[in-house]
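This is what each chain is made of:
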Amino acid sequence: SKFFASTGLWSAVSEAGDERHSLEMRLECSGLGRDGEEWIPPGPLFLTASLEADERATRLAALGGGGEATVIRFDEGRVTAKEYGALGRWTGLSELRVVGSLEARPL
C-alpha cells in the first residue's frame, strides 16, 4: 500500500475464561489527508478488532468444497492513531485518538 509500511506487528489475544478473541495490529502509516488537511498524522496506526466465527461464510465454504475450517471475520474494530498536542513533539507527550472503525469479512 502507498499509505502503510509493508511490515508491522500483530498479536492475537484471548481473554482468560472468555470465548472472545481479538486481533491487534500496529502499522506504520505515512499519514492520510487531502487538500492539505491532515486526517491521520504520519506514525504508528493501531488496529484492534474482535474475531468472530462467520457462520454463513463457513457454511458456504463447506458447500463449495472448502472443508470444515471455520471462517472468521473482524468485527467491532477501532483504528487508533498517536496524536501529539501543540508541544507534544518536543516533550514526547502524546495521546491515542480513535480515528476510524474496522470491519472485515471474507470475499
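Remember, predicted model here, so these are calculated numbers, not experimental data.

1. Digging into the overall build of the chain
A tally of regular secondary structure across the chain gives 2 helices and 7 strands. Counted from the first residue to the last, the chain has its helices and strands arranged as β-β-β-β-β-α-β-α-β. When the 107 residues of the chain are sorted by exposure, 23% land in the buried category. Sequence separation of 24 or more characterises 43% of the internal contacts of the chain that already satisfy a separation of 6 or more. Just so you have it, the chain exposes about 8000 Å², and 54% of that area is on carbon and sulfur atoms.

2. Some remarks on the nonpolar core
Buried together is how nonpolar side chains tend to be arranged in soluble globular proteins. Membership of the largest hydrophobic core is limited to 9 residues, which are C29, L32, I40, L45, L47, A49, V79, A81 and L102. When contributions to this core are tallied by element, the ones reaching two or more residues are β5 (43-53) and β6 (72-84). When residues in this core are grouped by element, the largest group, 3 residues, is from β5. Ignoring any residue separated from it by four or fewer positions in sequence, one finds I40 in contact with C29, G31, L32, L45, A81 and V99.

3. What about the pattern of salt bridges?
The tally for this structure, following the rule as stated, stands at 2 salt bridges. A salt bridge links E28 to R26; its shortest N-O distance comes to 3.3 Å. For E28, a relative accessible area of 32% gives the class partly exposed. One salt bridge in this structure joins D35 and R34, with 3.8 Å as the shortest N-O distance. As far as the burial class goes, D35 and R34 line up, both exposed.

4. Focus on the pairing of β6
By the bridge criterion, 8 bridges tie β5 to β6 in an arrangement that is antiparallel. Residue pairing for β6: L45 is matched across the bridge by A81. Bridging between β6 and strand β7 (residues 94-104) involves 9 bridges; their strand directions are antiparallel. Across the sheet, the residue bridging to T80 is V98, located in β7.

5. Some words on unusual backbone geometry
Phi is positive for D35, close to 50°, though the residue is something other than glycine. Within the element layout of this structure, D35 appears in the loop between β3 (32-34) and β4 (37-40). If you check the backbone angles, E76 has positive phi at about 50° while not being a glycine. Tracing the backbone shows E76 in strand β6. Using a relative accessible area of 52% as the deciding quantity, one classes E76 as exposed.

About the cut-offs
- Residues numbered from 1 in each chain as written.
- Predicted model: local features only at pLDDT ≥ 70, side-chain atom pairs only at ≥ 80, totals over all residues.
- Heavy atoms only, no water.
- Helix = DSSP H or I, 4+ residues; strand = E, 2+ residues; numbered from the N terminus.
- Buried < 20%, exposed > 50% of the residue type's maximum accessible area, 1.4 Å probe, protein only.
- Contact = heavy atoms within 4.5 Å.
- Areas by Shrake-Rupley, 256 points an atom, 1.4 Å probe, with all protein chains shown as cover.
- Core = buried A, V, L, I, M, F, W, Y, C linked by side-chain atoms within 4.5 Å.
- Salt bridge = Lys/Arg side-chain N within 4 Å of Asp/Glu carboxyl O.
- Pairing = 2+ DSSP bridges.

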